[in-house]
Amino acid sequence: MVQATEAAAFGTALRRLQGAQKTAKGVSLYSRYLNRPLGRVFAAAAYRAGLSPNQVTLLSAGCSFAGVVGVALVRPSWVLGAAVWAALFVGFALDSADGQLARLRGGGSPAGEWLDHVVDCAKITGLHSAVLISFYRFAEPPHAGWLLLPLGFQLVAVLIFFGGLLTDKLRPRPDPRAAAPPPDAAPPSTLRAVALLPVDHGVFCAVFLLLGAPGLFRAGYAALFVCYALFLAAFAVKWFRELSAPPPG
C-alpha cells in the first residue's frame, strides 16, 4: 500500500512537471528529447524524497566533478571513458532537474540561481583543465601544440556560457504597461535544434567515450572545439545586435 501511494505521488509530481516546462525554443534535440525528460524523472524523485533544488544542484556537482577527477587522475581507457561519460551524463540531467524541481515547488531563489551558475562555470573550466592535465600526463600528443587546445576550448566555452547568461540579463524587457503580444503558435524549429547539437553539453560529454583511443579522442575533441568557436562568432554577432537594438515600446 505504501509503495502504491508513493508511486502515485511520484506520477502526480511527474505530470505536474510535464505541464511546467520551459519553452523548447533554442534548445537542441539532445536537451529536448533526452536531458530534460530525464531531468523531469530526477526532479519528481527528488520531490518525493524531500530534497531541495540546492541539494539537487550539489548532487549534480558531485557527479560532474567525479568525472572531472577521473579524467585528470586516471590513465585513459575504454572503461574510464564509459565511467566518465556516465558521471557527466547523470550530472547534466541533475542540472536540468534542479530548475524543474524549483518550479514544482513554486519557484527558485536568487541564491539557488547563483549556485547553479557557479557550478556550471566550475564544471566547464574543470573539464577542460582535466583534459589538459590528461594530455600532459598520459596522452603524449604528437606535438606540444595539442596542449593549447584545451586552453582554447576552455576560453571559447566560458565565453559562450558567460555571453549567453549576460545577454539574457541585459536584454531589454518589454514595457509591462504595453499590450501583451499574441502568443507564438509556431512550433520550435527542428532544424535549429539539430544545428545546436554540436554545442550541447550532453553531446560534448559523449566525446569522453573515446578516451580509450587517444587519437580518436583528440580528433573528436578538436572537432567540437571548431564547432564551439564557429558558434561563438555567430552568437557574439547575434547577441551584440540584440543588445544594440532600441528597447521595445
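Computed from a prediction, not measured in an experiment: that's the story for all the values here.

In this section: helix α5 (residues 110-139). End to end, α5 covers 42 Å across 30 residues, agreeing with the expected 44 Å (1.5 Å per residue, within 8%). One or two positions beyond α5, positive phi appears at glutamate 140, with a value near 50 degrees.

Looking now at the side chain of aspartate 116. Along the chain, aspartate 116 falls in helix α5. For the buried aspartate 116, no salt bridge exists, and the shortest N-O distance to an oppositely charged side chain is 7.0 Å, to lysine 123. If we skip the residues at most four places from it in the chain, aspartate 116 touches Thr57, Asp95 and Asp98.

Going through the model one piece at a time under the given rule, you end up with 14 aromatic pairs. Aromatic pair phenylalanine 135 and tyrosine 221: ring centres 6.2 Å apart, planes at 75 degrees, arrangement edge-to-face. Of this pair, phenylalanine 135 sits in helix α5 while tyrosine 221 is found in helix α9 (residues 214-244), placing the two residues 86 residues apart along the sequence. Ring centres of phenylalanine 208 and phenylalanine 217 lie 5.6 Å apart, and the angle between their planes is 45 degrees; on these two criteria the pair is classed as tilted. Side by side, phenylalanine 208 and phenylalanine 217 carry an identical accessibility label, which is buried.

What follows concerns the confidence of the model for the chain. Looking at the chain as a whole, its pLDDT mean stands at 87, while 83% of the residues score no less than 70. Across the chain, helix α3 (residues 53-73) holds the top mean pLDDT of 97, while helix α1 (residues 2-18) sits lowest at 59.

The rules behind these values
Within every chain, residues take consecutive numbers counted from 1 along the sequence as written. Given that this is a predicted model, residues contribute local features only at a pLDDT of at least 70 and side-chain atom pairs are listed and counted only at 80 or more, while totals for whole chains, interfaces and linings are drawn from all residues. In computing side-chain properties, one takes all heavy atoms of the structure into account and sets aside hydrogens as well as water. The secondary structure listing takes helices from DSSP runs of H or I that are at least 4 residues long and strands from runs of E that are at least 2 residues long, numbered from the N terminus. Multiply 1.5 Å by the residue count of a helix minus one, and that product is the helix's expected span. A simple rule labels every residue: compare its accessible area, found with a 1.4 Å probe on the protein chains alone, to the largest value its type can have, and call it buried under 20%, exposed over 50%, or partly exposed in between. For the charge count, each Lys or Arg is scored as positive and each Asp or Glu as negative, with His and the chain ends excluded. The salt bridge definition used is simple: a Lys or Arg side-chain nitrogen within 4 Å of an Asp or Glu carboxyl oxygen. Note on contacts: a residue pair is in contact if any heavy atoms of the two residues lie within 4.5 Å. In summary, the pairing rule links any two rings of Phe, Tyr or Trp, Trp by its six-membered ring, whose centres are within 6.5 Å, and it sorts them by plane angle into stacked for under 30 degrees, edge-to-face for over 60 and tilted for everything else. Per-residue confidence from the predictor is reported as pLDDT, a score between 0 and 100.

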